[in-house]
Amino acid sequence: MSGIRVSPATRVSDEVFRGVVAALPVMIGILPFGLLLGAQAAQKGFTAAGLSLLTGLNFAGGSEFAAIALWASPPPLLTIVLVSLLVNSRHLLMGASLAPYLHHLPARKALPALFFMCDECWAMGMADALDRRARGLAPALSMGFYAGVAGALWLLWVFSTGAGVLVGPLLGDITRFGFDMAFPAVFLVLLKGMWRGTRAALPWLVSLVSAGITWHLFPGTAYYVPAGALSGIAAILLVGKKA
């Protein structure tokens, strides 16, 4: 294909290292959230091992906070599962956008990539893929880079949540230090790296406004997640038709 050149041979270890280095600023933002989740889980009777197992198997962030908030004795498992599915519904869109970059891979490689997909590694992986594609490199998505980002974030999340169970009660409410703004700030920086103009950002704006309105109309629920996702899809379809 004209304009497309195969990426120069690079050791997988070098690409993994590049992903880990790129993830370092994001890891700084994730760490206090892991400790915060651990502190909340300790109040519900979780052990460090038990919470690490939960966060390792359900690597999503928001749904873990929802599950801990709903946890009781005995736990309402069906409610927790349904709320987790609702909060994680955004992964349907993220996975769909990532799928074209994985279609050439066998299932044994593509499925683990989707399992370890979270908001941050999805955004960083997509931004790197867009940059590589703009430079004419193929494949656009470097699996080594993606593995480095996802692996580093997963390990930190599992470790920090487990550590939060042990040290969280000693730290008290860490949100008083403003740490709760770390994740939104990091994610805004990630979105800046994916900026492709006002028209391309319109679905993001529609999704944001819809989610915000739904959050105010239905406080204490997770309805804003599918509302934002569905309105974003509708905006993408409308913008595509007018293009």
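Owing to the predicted nature of the structure, the values given are computational and were not obtained by experimental measurement.

Asker: Give a description of the overall build of the chain that names residues and reports values.
Answerer: In terms of regular secondary structure, the chain is built from eleven helices and two strands. Within the chain, buried positions represent 42% of all 243 residues. Looking at the chain alone, contacts between residues at least 24 apart form 80% of all its contacts between residues at least 6 apart. Roughly 13,700 Å² of accessible area belongs to the chain as shown, and the carbon and sulfur atoms make up 74% of that amount.

Asker: Tell me about the nonpolar core, and name the residues and values.
Answerer: Of all hydrophobic cores here, the largest spans 38 residues; its most connected members are Leu98, Tyr146 and Leu153. Those elements that place two or more of their residues in this core are α1 (12-43), α5 (90-98), α6 (107-115), α7 (119-134) and α8 (143-171). Element by element, the count of residues in this core is highest for α8, at nine residues.

Asker: Just give me the short version of the state of the cysteines, but keep the residues and values in it.
Answerer: Taken as a whole, this structure holds zero disulfides when the rule is applied. Cys121 provides the cysteine sulfur closest to Cys118, a residue in no disulfide bond, and the two sulfurs are 3.5 Å apart. Taking the relative accessible area as the measure of exposure, Cys121 reaches 0% and is therefore buried.

Asker: Please give an account of the confidence of the model for the chain that cites residues and values.
Answerer: Taken over all residues, the pLDDT of the chain has a mean of 83, while the share at 70 or more is 83%. Within the chain, the lowest mean pLDDT, 48, falls on strand β1 (residues 5-6), and the highest, 95, falls on helix α2 (residues 48-57).

Asker: So what about the pattern of salt bridges? Which residues, and what values?
Answerer: Tallied over the entire structure, the rule returns four salt bridges. Taking the shortest distance from any N to any O, the salt bridge between Arg11 and Asp14 comes out at 3.3 Å. Note on Asp14: relative accessible area 34%, which makes it partly exposed. With a shortest N-O distance of 3.0 Å, Asp128 and Arg18 are connected by a salt bridge.

Asker: Break down the UniProt feature "transmembrane region" (unreviewed entry) in the chain for me, citing the residues and quoting the values.
Answerer: The UniProt entry lists residues 20-39, 136-157, 177-195, 202-218 and 224-240 under the feature "transmembrane region" (unreviewed entry), expressed in the numbering used here. The distance separating the terminal C-alpha atoms of residues 20-39 is 27 Å; by composition the span is 100% helix and 0% strand. Here residues 202-218 is 94% helix and 0% strand, with 24 Å between the C-alpha atoms at its ends.

Asker: Explain the environment of Ala49 residue by residue, including any values.
Answerer: As for its position among the elements, Ala49 is in helix α2. Residues Ala49 and Ala163, 114 residues apart in the sequence, show an inter-C-alpha distance of 9.5 Å.

Basis of the calculations
Residues numbered from 1 in each chain as written. Predicted model: local features only at pLDDT ≥ 70, side-chain atom pairs only at ≥ 80, totals over all residues. Heavy atoms only, no water. Helix = DSSP H or I, 4+ residues; strand = E, 2+ residues; numbered from the N terminus. Buried < 20%, exposed > 50% of the residue type's maximum accessible area, 1.4 Å probe, protein only. Contact = heavy atoms within 4.5 Å. Areas by Shrake-Rupley, 256 points an atom, 1.4 Å probe, with all protein chains shown as cover. Core = buried A, V, L, I, M, F, W, Y, C linked by side-chain atoms within 4.5 Å. Disulfide = S-S within 2.5 Å. pLDDT = per-residue confidence, 0-100. Salt bridge = Lys/Arg side-chain N within 4 Å of Asp/Glu carboxyl O. UniProt positions renumbered as here; feature names shortened; annotations may be inferred.

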